[in-house]
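Residue strings, one per chain:
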2 protein chains.
Amino acid sequence: MIAVDAMGGDHAPRTAVEGALLAARRRGLRLLLVGRRSILEEEIEEFGPGPAVRDRVEVVHAGEVVGMCESALAVRRKRDSSVRVCARLVKEGRAQAMVTAGNTGAALVAGKMVIGVAPGVDRPALAVAMPRRVGRTILLDAGANVDSKPDQLRQFAVMGHYLAQQLLRMNSPRIGLLSIGEEAGKGTDLVREVFKSLDATGLNFVGNVEGRDVFSGAADVVVCDGFVGNAILKSAEALAEFVGAQLREEMSSTLRSRLGYLLAKPAFDRFRSRVDYSEYGGAPLLGLRGGCFVAHGRSSAHAMSSAIQRAVEFCEAGIHLKVSAKLSEVAFEAAPKAVAG
Amino acid sequence: MIAVDAMGGDHAPRTAVEGALLAARRRGLRLLLVGRRSILEEEIEEFGPGPAVRDRVEVVHAGEVVGMCESALAVRRKRDSSVRVCARLVKEGRAQAMVTAGNTGAALVAGKMVIGVAPGVDRPALAVAMPRRVGRTILLDAGANVDSKPDQLRQFAVMGHYLAQQLLRMNSPRIGLLSIGEEAGKGTDLVREVFKSLDATGLNFVGNVEGRDVFSGAADVVVCDGFVGNAILKSAEALAEFVGAQLREEMSSTLRSRLGYLLAKPAFDRFRSRVDYSEYGGAPLLGLRGGCFVAHGRSSAHAMSSAIQRAVEFCEAGIHLKVSAKLSEVAFEAAPKAVAG
């Protein structure tokens, strides 16, 4: 069972409802749609799902909303906000995971405060799977924390290691530490300190990597503070969009190029689905006692549906819980080699 | 007169020599080509430039090289390295600017140590003009410094302001401070402190911006520490490359798409020239007493030629010197409003 925050996101509740109904076409999937009951019932009515799909979606009322531009701390005050009710459903075991396209900060606060942080974890981290030529690279923290301490970055590396094992099915994923030069001495004081501690963890630590390696394939996991991770993620999204728009503009500029575009359209569509972030759904917030997936604020119905499906896959494989459990289990300071298994 | 480090870059000296000869086709342009004399004479011979072009290029001997992976501090030891000789030529006034595709760190050290930092500047900053739909956005610092202090970030903002005035011909460029959320309280301790001081400078400070705004056009100058700026720049370069490669792959996958590609090729070429970094040449290192331009290590001959031309334009307009002079001139702490003019 997945709890969907129907009130979060730039196009809520419409796209959240539509995305949930799309996802619910999958047999066996059950969803809790969280938000103002009357609005949600009305929206569902409008899309007119068949009875089988309709039966898989249960509306759970939440009277308040944390707005996209509101402080994340509003979660504390708004006990009946949709994001907080979602977190409560996870906490109480009624849902295995929640999915929200709302205020990311609010999701983090709700996740930490209501679902709770797993033992051995200081701070949960947002993990994003970035595209590359073959496979994916996990970037974390992609924006859950700023001013991370060395120990926290080390925990991100360990969480990234287990996530890559589970998600990318790799025995020994290569862990890179984001820096401004590849040599061991390069970077900030923080990076130098983390470098030493990662070197001693027994992870497959490949040393410092650079921004380009988020897409190059030189590492399977790129570890950084959330301030930098967020800057990389947001700028990459904007660049991909800009490039797409430029391409469309140029392709429609002459009759000849328009004809070329028509011929090549299937290739373009494949290309787009390779680089479009919305195809891959939400990013898991790792290190919690339950599932919490953050989708893009501008998520379309299709993107919401992808995020829900991704959350289902995580839950079926128990990926995020395994990551949390491993981290709690392993006292990697005491037995550095133990984490590599 | 521009001093070109012929020994710097992944494909040196070949691409540097070829790039210099390409640039020297422009009437009135004179270049100093710095590196091992015998090698450079031989390379020039091989390209066989006409006598007019050949006359515009003077070889200046430098017996040593700072390698791409060497520590930047090797500049101190290698007094006769090509990058250091270039800096000396600028210092002595024989050249107005230097261009290097070599070790960026070495260029920074040579710039600071030999050319010298302008009064009122703590640290020079690397300024990169990023593409956007219309015009460009200046990102600085793109990697010259890490662990910047609030005062240094404020200086970057002021340098960015004057650079945008000169380069983008804007009266009142919008200055954004890179953060992880747009609201004033969002971000790291550093960001919050800089936010307050920028608010008081009289610059057209539009507040916090996010990674996406490097490409969105929401600000004309995006200010950040070099660690983050470098991560954004390098990941953006890699993503643009990845996207281009994916597109080529998809476009050549079927006969139909190949035909489409052929028809649309002129549009593709225009598209590529819009988003290809090598078209825009080197990034200026702002805040020095002379010109210093850092080109990409993988620069092609075409990219080197673009970088040299860009350096010439900067010198003709005196852009980098105006930026340095303005910063020295303005005691913006004392008279906050003065910097907006």
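Calculation criteria
- Residues numbered from 1 in each chain as written.
- Chains lettered and ligands numbered in written order.
- Predicted model: local features only at pLDDT ≥ 70, side-chain atom pairs only at ≥ 80, totals over all residues.
- Heavy atoms only, no water.
- Helix = DSSP H or I, 4+ residues; strand = E, 2+ residues; numbered from the N terminus.
- Rg over C-alpha atoms; globule rule 2.2 N^0.38 Å.
- Contact = heavy atoms within 4.5 Å.
- Areas by Shrake-Rupley, 256 points an atom, 1.4 Å probe, with all protein chains shown as cover.
- Lys, Arg positive; Asp, Glu negative; His and termini not counted.
- Charge placed at Lys NZ, Arg CZ, Asp CG, Glu CD.
- Buried < 20%, exposed > 50% of the residue type's maximum accessible area, 1.4 Å probe, protein only.
- Pairing = 2+ DSSP bridges.
- Polar contact = N/O pair within 3.5 Å; in protein donor to acceptor, adjacent residues only side chain to side chain.
- Expected span 1.5 Å × (residues − 1).
- Axes fitted to C-alpha atoms, helices over the stretch in contact; angles between N-to-C directions.
- Salt bridge = Lys/Arg side-chain N within 4 Å of Asp/Glu carboxyl O.
- Least-squares fit on C-alpha atoms with pLDDT ≥ 70 in both.
- Core = buried A, V, L, I, M, F, W, Y, C linked by side-chain atoms within 4.5 Å.
- Parallel < 35°, antiparallel > 145°, perpendicular 65-115°, else oblique.
- Left-handed = near helix turned anticlockwise from the far one by under 90°.
- Nonpolar A, V, L, I, M, F, W, Y, C, P; charged D, E, K, R; others polar.
- pLDDT = per-residue confidence, 0-100.

Time to look at the overall build of chain A. Summing up its helical and strand segments, chain A has 13 helices and eleven strands in all. The C-alpha atoms of chain A give a radius of gyration of 21 Å, which matches the 20 Å a tight globule of 341 residues would have. With respect to the principal axes defined by its C-alpha atoms, chain A has extents near 60 × 60 × 35 Å. Considering only contacts in chain A between residues 6 or more positions apart, those separated by 24 or more positions represent 73%. Accessible surface, chain A as shown: approximately 13,100 Å² in total, 51% of it carbon and sulfur. For chain A, the distance from the average position of its 44 positive side-chain charges to the average position of its 38 negative side-chain charges is 3 Å.

Residues and elements named next belong to chain A. Along the polypeptide, Gly-207 turns up in strand β8 (residues 205–209). In sequence terms Gly-207 and Gly-291 are 84 residues apart; their C-alpha atoms lie 30 Å from each other. Residues contacting Gly-207, with those up to four places away along its chain left out, are Ile-175, Gly-176, Leu-177 and Phe-195.

Attention now moves to the pairing of strand β10 (residues 283–286) of chain B. Residue and element names in this part refer to chain B. Both faces of β10 are covered, namely the face carrying Ala-283 and Leu-285 and the face carrying Pro-284 and Leu-286. In this structure, strand β5 (residues 125–131) lies alongside β10, joined through two bridges in antiparallel fashion. Each bridged residue has a counterpart across the sheet, and for Leu-126 the counterpart in β10 is Leu-285. In this sheet, strand β11 (residues 291–294) lies alongside β10 in antiparallel orientation, the contact comprising two bridges. Bridging from a neighbouring strand, Pro-284 pairs with Phe-293 of β11. Where β10 hands over to β11, the hairpin turn is made up of four residues, of which Gly-287 adopts a positive phi near 100°.

What follows covers the side chain of Thr-188 of chain A. Assignment of secondary structure puts Thr-188 of chain A in the loop between β7 (175–178) and α8 (189–199). Among the polar contacts made by the side chain of Thr-188 of chain A, one reaches the main-chain amide nitrogen of Val-191 of chain A at a distance of 3.1 Å. In this structure, Thr-188 of chain A is in contact with Val-146, Asp-147 and Phe-227 of chain B, ignoring residues within four places of it in sequence.

All names here are of chain A. With twelve residues, helix α6 (residues 104–115) should cover 16 Å at 1.5 Å per step; its first-to-last C-alpha distance of 15 Å lies within 8% of that length. Along α6, the residues that are buried comprise Ala-106, Ala-107, Leu-108, Val-109, Ala-110, Gly-111, Val-114 and Ile-115. Against the buried residues of α6 lie α4 (74–77), α5 (82–91), β4 (97–100), β10 (283–286) and β11 (291–294). The N-cap of α6, judged by a side-chain oxygen 3.0 Å from the amide nitrogen of Gly-105 a few residues on, is Asn-103.

All names here are of chain B. The strand order across the open sheet built from eleven strands is β3-β2-β1-β4-β11-β10-β5-β6-β9-β7-β8, with neighbouring strands paired in mixed fashion. Whereas interior strands pair on both sides, the edge strands pair on one side only; in this sheet they are β3 (57–61) and β8 (205–209). If you compare each strand with its neighbour and ignore which way they point, the axes differ by 25° on average. Here three bridges tie strand β6 (residues 136–140) to strand β9 (residues 221–223), and the two strands are oriented parallel to one another. Each bridged residue has a counterpart across the sheet, and for Leu-139 the counterpart in β9 is Val-222.

Attention now goes to the pattern of salt bridges. The full count for this structure, using the stated rule, is 36 salt bridges over all chains. Of the charged contacts in the structure, one is a salt bridge between Arg-132 of chain A and Asp-220 of chain A, with a shortest N-O distance of 3.0 Å. Here the residue Arg-132 of chain A occupies a position in the loop between β5 (125–131) and β6 (136–140), and Asp-220 of chain A occupies one in the loop between α9 (213–216) and β9 (221–223), the gap between them amounting to 88 residues. Note on Arg-132 of chain A: relative accessible area 7%, which makes it buried. Look at Asp-220 of chain A and you get buried, because its relative accessible area is 2%. Residue Arg-14 of chain B is joined to Glu-43 of chain B by a salt bridge in which the shortest nitrogen-to-oxygen separation is 3.2 Å.

This part takes up the relation of the copies chain A and chain B. The operation relating the pair of chain copies consists of a rotation about an axis and a translation along that axis. After a rotation of 180° and a shift along the axis of 0.0 Å, chain A superposes on chain B with an RMSD of 0.0 Å. Between the two chains, the operation in question is that of a two-fold axis. For chain A, the residue whose C-alpha comes nearest the rotation axis is Gly-260 of chain A, separated from it by 1.9 Å. Both copies share a contact surface, since 100% of the interface residues of chain A are interface residues in chain B too.

Attention now goes to the nonpolar core. Counting residues in hydrophobic clusters, the biggest one holds 239 residues, and the most contacted among them are Ile-2 and Leu-140 of chain A together with Ile-2, Leu-140 and Phe-268 of chain B. Non-local contacts of Ile-2 of chain A, meaning those with residues more than four positions away in its chain, are made with Leu-29, Arg-30, Leu-31, Leu-32, Ala-95, Ala-97, Val-99, Ala-311, Val-312 and Cys-315 of chain A.

This part covers the environment of Gly-187 of chain A. Residue and element names in this part refer to chain A. Assignment of secondary structure puts Gly-187 in the loop between β7 and α8. Judged by relative accessible area, which is 12%, Gly-187 ranks as buried. Sequence-wise, Gly-187 and His-302 are 115 residues apart; in three dimensions their C-alpha atoms are separated by 40 Å.

All names here are of chain A. For the pair helix α7 (residues 150–167) and α8, the least separation of the axes is 9 Å and the interaxial angle reads 50°. Between α7 and α8, the crossing angle belongs to the class labelled oblique. Remark: the crossing between α7 and α8 carries right-handed chirality. Taking contact as the criterion, the partners of Pro-150, Leu-153, Arg-154 and Ala-157 in α7 are, on α8, Leu-190, Glu-193, Val-194, Ser-197 and Leu-198. Split into classes, the residues belonging to the contact of α7 with α8 amount to six nonpolar, one polar and two charged.

Let us look at the confidence of the model for chain A. Residue and element names in this part refer to chain A. Taken as a whole, chain A shows an average pLDDT of 89; of its residues, 94% reach a score of 70 or greater. In the model, residues 331–341 has pLDDT below 50 throughout and makes 27 contacts with residues more than four positions away in sequence or in other chains. Here the predicted complex carries an ipTM of 0.86, next to a pTM of 0.89.

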